Amino acid sequence: MTTKEKFPEIFNENLPGGATNEVNITNKRLYLAIRHLLSELFSIDRANDDPGNPPLTPDPSQFKDYYKVDDPNDPSKKIPDYFNEDKIRFLAIIGQLRLAGYEDPSFARIERWSKYLKDVEDADIDMDEESEFARLFPRGSMRTAPQPENDVSSANIVWVPESSRPVKVETFGTEPDPRGPDRSTNPPTQRFYHFRVLIVAEFITRFTEAMQQYSAYSELYKQVYRGLHEHSQGKFNGTQVTVTISAKQLADVTERLIRDNVNPNDPNIRLTIQSVIARTISSASGSGGLDGNFSAFGISLPDLDAGTHVEIIPDNLHAVRVIYYCAQLEEMRLFATVDTVVEHATSGMLPISRGPGLDRIYRWIKRAPERINEFERRGLYARVLGLAQGSVDEPLPNREFSDLWFRFLASVSLKFREITSSERSQVSDEQIHKAGRDLAVNISLHGYGITAPAAIEMQGVVQEMIDMLSDTEILRSYGVRDIWQLVDRVSALYLNGAANGVKFRTMAASGERIISWLARKAPILSSASALGLGITTFDGRGNRRPTNDFFTLAELAERWLAVTGTTDEMAERHTDPVDLDAQLTVPMLGQNTGFQAGIQNTLDQAGIELPAMPAVPQI
Amino acid sequence: MRVTTASELAKRRMEMASRRLGTKNPAEAIGGLLDRSFHLPAHDPRYGNNLLTPGRFPLEHSFSEVAGNALRLDMQPLGPEATAHARQQEASREMRRLTHQHYGKEALHWFDQRSERWRNGMSHGDTRFGAWFGMATDAYGLQECKVYYEMRESDIDNLPPNLKHAARIVMEIMPELTPIFTSIACGRGRGAQRVYFFHRGDLRLLDLEPLLNQLGIGKQLPSLLAAAGVIFGGRFVLPQGSVIIGLRDTNKGLEMKLDVLVAGLPDPPQQMYQLLNMVLSERPSSQSNLHRWVQAMTPDDMQGPGEIGVISVRVLPETPARCSLYLRPSGYDRQGRSAAGPGSAPQPQDAYRV
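Here's what I pulled together on the structure shown here.

Rules used throughout
Residues numbered from 1 in each chain as written. Chains lettered and ligands numbered in written order. Predicted model: local features only at pLDDT ≥ 70, side-chain atom pairs only at ≥ 80, totals over all residues. Heavy atoms only, no water. Helix = DSSP H or I, 4+ residues; strand = E, 2+ residues; numbered from the N terminus. Buried < 20%, exposed > 50% of the residue type's maximum accessible area, 1.4 Å probe, protein only. Areas by Shrake-Rupley, 256 points an atom, 1.4 Å probe, with all protein chains shown as cover. Contact = heavy atoms within 4.5 Å. Pairing = 2+ DSSP bridges. Axes fitted to C-alpha atoms, helices over the stretch in contact; angles between N-to-C directions. Phe/Tyr/Trp six-rings, centres within 6.5 Å; stacked < 30°, edge-to-face > 60°. Core = buried A, V, L, I, M, F, W, Y, C linked by side-chain atoms within 4.5 Å. Polar contact = N/O pair within 3.5 Å; in protein donor to acceptor, adjacent residues only side chain to side chain. Expected span 1.5 Å × (residues − 1). Buried area = accessible area lost by both parts, 1.4 Å probe. Salt bridge = Lys/Arg side-chain N within 4 Å of Asp/Glu carboxyl O. Nonpolar A, V, L, I, M, F, W, Y, C, P; charged D, E, K, R; others polar. Parallel < 35°, antiparallel > 145°, perpendicular 65-115°, else oblique. Disulfide = S-S within 2.5 Å. Left-handed = near helix turned anticlockwise from the far one by under 90°.

As a further point, take the overall build of chain A. For chain A, the count of helices and strands is 21 helices and 11 strands. Burial analysis of chain A (619 residues in total) assigns 52% to the buried set. Surface accessibility of chain A: about 27900 Å² in total, with carbon and sulfur atoms responsible for 50%.

The next point concerns the overall build of chain B. The helix and strand inventory of chain B stands at 9 helices and 12 strands. For chain B, the proportion of its 354 residues judged to be buried stands at 59%. A separation of at least 24 residues holds for 68% of the contacts in chain B among residues at least 6 apart in sequence. With the model as given, the accessible surface of chain B reaches about 14700 Å², and the carbon-plus-sulfur share is 50%.

Right, let's talk about the sheet that holds strand E6 (residues 191–199) of chain B for a bit. Sheet strands pair via backbone hydrogen bonds, and the direction of the pair is either parallel or antiparallel. Residue and element names in this part refer to chain B. If you walk around this closed barrel you meet the 10 strands as E1-E2-E3-E4-E5-E6-E9-E10-E11-E12, and the pairing is antiparallel. Pairwise comparison of adjacent strand axes, ignoring direction, gives a mean angle of 25° for this sheet. Relative to strand E11 (residues 306–316), strand E10 (residues 253–261) runs antiparallel, the two being bridged by 6 bridges. Bridging across to E11, Leu261 finds its partner in Val310. Along the sheet, helix H2 (residues 26–37) contacts strand E2 (71–75) and strand E3 (131–138); its crossing angle with E2, the most-contacted strand, is approximately 20°. Sheet strands in contact with helix H3 (residues 84–103) are E3, strand E4 (141–150) and strand E5 (177–187), and its direction is about 155° off that of E4.

All names here are of chain B. Among the structural elements, Gly229 can be located in helix H7 (residues 221–231). Judged by relative accessible area, which is 9%, Gly229 ranks as buried. Taking the C-alpha atoms as reference points, Gly229 and Val279, 50 residues apart in sequence, are found 9.9 Å from one another. Beyond its immediate stretch of four places on either side in the chain, Gly229 contacts Gly234, Arg235 and Phe236.

In this section: the pairing of E4 of chain B. Residues and elements named next belong to chain B. A large share of E4 lies buried, amounting to 9 of its 10 residues. Across 8 bridges, E3 lies against E4 in antiparallel orientation. Each residue of the ladder has a partner; that of Ala131, found in E4, is Tyr149. Counting the residues that bridge the hairpin from E3 to E4 gives 2 residues. Across 7 bridges, E4 lies against E5 in antiparallel orientation. The residue bridging Tyr148 from the neighbouring strand is Ser183, located in E5.

Another aspect to go through is the packing of aromatic side chains. In the structure shown here, the tally under the stated rule is 22 aromatic pairs over all chains. Taken together, a centroid distance of 6.0 Å and an interplanar angle of 70° make the contact between Trp405 of chain A and Trp560 of chain A edge-to-face. Of this pair, Trp405 of chain A sits in helix H12 (residues 401–419) while Trp560 of chain A sits in helix H19 (residues 548–563); the two residues are 155 residues apart in sequence, bridging distant segments of the chain. Take Trp405 of chain A: its relative accessible area is 3%, and that puts it in the buried class. Relative to Phe181 of chain B, the ring of Tyr148 of chain B has its centre 5.9 Å away and its plane inclined at 75°; by these criteria the two rings are edge-to-face. Taken together, the residues Tyr148 of chain B in strand E4 and Phe181 of chain B in strand E5 connect sequence positions 33 residues apart. Judged by its relative accessible area of 8%, Phe181 of chain B falls in the buried class.

Another point: the nonpolar core. When a protein is soluble and globular, its nonpolar side chains tend to lie buried together. Of all hydrophobic cores here, the largest spans 89 residues; its most connected members are Leu208, Met256 and Leu258 of chain B. Aside from chain neighbours lying at most four places away, what touches Leu208 of chain B is Met174, Leu203, Leu224, Ile245 and Met256 of chain B. Listed in part, the 86 residues of the second largest apolar core include Val441, Ile483, Leu556 and Met570 of chain A.

Turning next to the side chain of Arg93 of chain B. For Arg93 of chain B, the position within the fold is in helix H3. Taking the relative accessible area as the measure of exposure, Arg93 of chain B reaches 13% and is therefore buried. Looking at Arg93 of chain B, its side chain comes within polar contact range of the side chain of Glu90 of chain B, at 2.9 Å. Beyond its immediate sequence surroundings of up to four residues, Arg93 of chain B is in contact with Gly386, Leu387, Ala388, Pro397 and Arg399 of chain A.

Compared with an ideal rise of 1.5 Å per residue, which puts 19 residues at 27 Å, helix H14 (residues 451–469) of chain A spans 26 Å between its outermost C-alpha atoms and is within 8% of the ideal. Within H14 of chain A, 15 of the 19 residues are buried, which leaves the element mostly enclosed by the surrounding structure.

Our focus in this paragraph is the pairing of E10 of chain B. Residue and element names in this part refer to chain B. Burial analysis of E10 places 7 of its 9 residues in the buried class, the great majority of the element. Note: strand E9 (residues 243–250) against E10, 8 bridges, orientation antiparallel. Following the sheet pairing, Arg248 is matched in E10 by Glu255.

Okay, the interface of chain A and chain B next. Across the boundary between the two partners, chain A contributes 29 residues, which contact 26 residues of chain B. Here chain A and chain B share an interface that buries about 2400 Å² over both sides, 50% of which is from carbon and sulfur atoms. Of all residues in chain A, Ala388, Val392 and Arg399 of chain A give up the largest surface area on contact with chain B, accounting jointly for 28% of the area buried on that side. Where chain A packs against chain B, one counts 1 salt bridge. A salt bridge links Glu90 of chain B to Arg399 of chain A; its shortest N-O distance comes to 2.9 Å. Only H12, helix H17 (501–520) and helix H21 (594–606) of chain A provide two or more residues apiece to the side of chain A that touches chain B. Broken down by element, the residue count for the side of chain A that touches chain B peaks at 4 residues, all from H12 of chain A. For the side of chain A that touches chain B, the residue count by class is 10 nonpolar, 13 polar and 6 charged.

So, about the packing of H3 of chain B against helix H4 (residues 105–115) of chain B. Residues and elements named next belong to chain B. H4 packs onto H3 with a crossing angle of 155° between their chain directions and a minimal axis gap of 7 Å. Between H3 and H4, the angle is such that the two are roughly antiparallel. From H3, Ser92, Met95, Arg96, Thr99, His100 and Tyr103 reach across to H4, where they touch Lys105, Ala107, Leu108, Phe111 and Asp112. Considered class by class, the residues forming the contact of H3 with H4 number 5 nonpolar, 3 polar and 3 charged.

For the rest of this paragraph, the subject is the state of the cysteines. Considering all chains together, one arrives at 0 disulfides over all chains under this definition. For the unlinked cysteine Cys186 of chain B, the closest cysteine sulfur is that of Cys145 of chain B, found at 5.5 Å.

So, about the pattern of salt bridges. Side chains that carry opposite charge are capable of pairing whenever their charged atoms lie near each other. Residues and elements named next belong to chain A. Overall, the coordinates contain 47 salt bridges over all chains when judged by the stated rule. Between Glu374 and Arg378 there is a salt bridge, and its shortest N-O distance comes to 2.8 Å. With Glu374 and Arg378 both in helix H11 (residues 374–385) and 4 residues apart, the pair spans about one turn of that helix. With relative accessibility at 39%, the residue Glu374 sits in the partly exposed group. Judged by its relative accessible area of 18%, Arg378 falls in the buried class.

Residues and elements named next belong to chain A. Running from N to C, helix H10 (residues 356–366) and H14 point in directions that differ by 145°, and their axes come no closer than 9 Å. Relative to H14, the crossing made by H10 is left-handed. Between H10 and H14, the contacting residues are Arg360, Ile361 and Trp364 on the first element and Val461, Glu464, Met465, Asp467 and Met468 on the second. Each residue belonging to the contact of H10 with H14 can be placed in one class, and the counts come to 5 nonpolar, no polar and 3 charged.

What follows is about helix H1 (residues 22–42) of chain A. Residues and elements named next belong to chain A. Its 21 residues give H1 an end-to-end C-alpha distance of 30 Å, which sits within 8% of 30 Å, the value for a rise of 1.5 Å per residue. For H1, a buried count of 17 out of 21 residues is recorded, marking the element as mostly surrounded by other parts of the structure. The residue sitting at the N-terminus of H1 and contributing the capping side-chain oxygen is Asn21; that oxygen lies 2.8 Å from the backbone nitrogen of Val23. Positive phi appears at Ser43, one or two residues downstream of H1, with a value of about 55°.

Below, the structure written as structure tokens:
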């Protein structure tokens, strides 16, 4: 029996919808971009000198089984080649790009749905021959001809094919048309669009750096790949069956080894690699302290109700999502409850004996010095969510978050109600797009810096707290049945009154999912049009109805508004779009500090005017 | 052509007033807040959409007998489109910054304790204005800074014990009173919190007697009636929508403040300022402070400092009635197309002024 290899960051067959799943579509864009750049910029193709393997196809689901010729005299006799260099190189580059947050080759910069864009399309596109696009890419086709003319300096064009070169035309397949179904037919039919990949200059630069790094440390990458292969193999009756390898982990582990100056020929290299892999896994789970490379891992928050680029950086949004979630738990007094319970246990007031609950409490106490503390957390809430907490000298509090958040939710709620009624529409798709974009840009701006690693740590802390407070013995000692009853009881008895747990839980759960939606829609929100948002669709009788995606979003928004007691009148008042004076996408150093204000006042008094500087975003 | 923002106008006016009064310029301390709050052009009608001074520019200056040498202001933070929650956070942020900067860590801690309920990640969905910000400067710097938080009846539980107890008594004696907002102020020596009630229905001033007796300030009723009677032209029954009652716990006992919204009076006396002067004539230093304040607040190209928005009378167990005047400053709102237009049109006083 041979081992099957799986690379979920290239194609994840377990996702619903398979190739049409949004995650797989995003993965496919990255896959095609790297495949194309390897071929165009470095003339690396799997077909070259590799009789065991055909060239990589545009279909990422085919990227799995590599073979090598076992007998040179019989090229048809092949055996699996698990450590094929082309494969490892490809994965190393994907991993490095993902690790650096370059998951979208278009960098969400240009609207992918418009015609005449300077991007890569498949062969059958109907393109205006007179357009600039057609001049550079006749028939919108992608070429595999070698030695292209590289020109990364100009706009988003990366290579300019010459008409005299041989052209090989390929088809990438299709993707659902963001404009929705064709309404001219009855019933409306789903339209599909030529799959397109836009590669911007910044992506090329990062790609080249990844390639350079791989070339410099290729032996180390191969060793790490071997280590991961052995570490993750599944066995059935002693036989290897499947191996799932994360490209991001490959890049992360190798980068750590590079940082530690590990020699690939070290006799203990395998042990070293195993140790680093173990460290990365423990830090990802939030239980291993602060050693991890936090950027390498995704974020998955616990369900509270269980058991009872460019302008918008999705990673920043995911980090803020966690901060938002934790802020609500803070208001709910979950953190304070844990402190109280630990205090009771320390002073011997808690009637629990040796067991997992006590172990968790002890571990909590021992790790306290390295854990993010309340002051730091509140500083984050101020910086990221604009709450008036933490340091009074916070240089960049997110003053706009509250307004933009409410405006977006109110717009979504009103739009949803309008779609499902016969009332005249007051909120357009573009208004939703603008409100979402403003919010996402704002969140992205305040998600830079320490936010992401802090979010990863806080995610682990929350999980640890929930595990601790869910311990049966601890619950029993307070005479409650679940963690939320415990929070209520401890708050009421020791923390000057209980908070509304249901409200904060709902706000936490719906709020983080709304931010997650924004992160998923980042490329579309970054574009100039609301076409890709997919707000409405048509049923079999030609009636307008919300798409499933928008339905879910609207439900979350409605839930948030309902639980905060927002009246319809109040929501309607905040649906009108607001023209923002400034909308920064990157933090400005030295802005809004007391030092600067002091200088400005002095200059004002002296009547000296300085040239205008970019300001911190204002509403 | 470059458009003058309301913030620039406000800063100029504050600088002028502070120079005349001999106080520190408030704009030096809250320049950023003014920029963020009044970023729209001066005279923009959208400013009228506020609950501090409905229909007018959301900035109010006040004169208080007990702080006669101070330049005091109250304002609605952030622009007219801001949400109530954003205002709560902005006012709190500014208050914390100033408190820490001028009064130190202990004062900040005190404020944080009192304001915790309003500084968290949520506000009630039906909150209307959220918060206002206020401050006062004198010759030595920041005399006081203050935040007004909108509150609901259930928020009474978040008040400090003495004030909570007093609030409950007040609401029991006069069920027409509904808590609407609370102010938390930090000064050089101490902080103070006040809770404000809106009075539904007409208020006969004499009906305050049981309330004042219960609060231990019954003996000041005559002085309260005398002052209010004169200032409001003999009116002892105040109509619905014109009365706000404030309570504050001080080290000299409970203080009651009667705020009368002049816009709520059907026929406010046109000579209200002169009547107030008449009351203050008993206390010449207060009267001269008021004159000085009025002169300081009057821009060169205006006939007067503005319109009276609120008249307040406050009493303490051992202190008879003291008055305050809240002014809607002139020059911020558009008065008409020409000097001859409706309203108190600006008329240059200085012949050499361009």
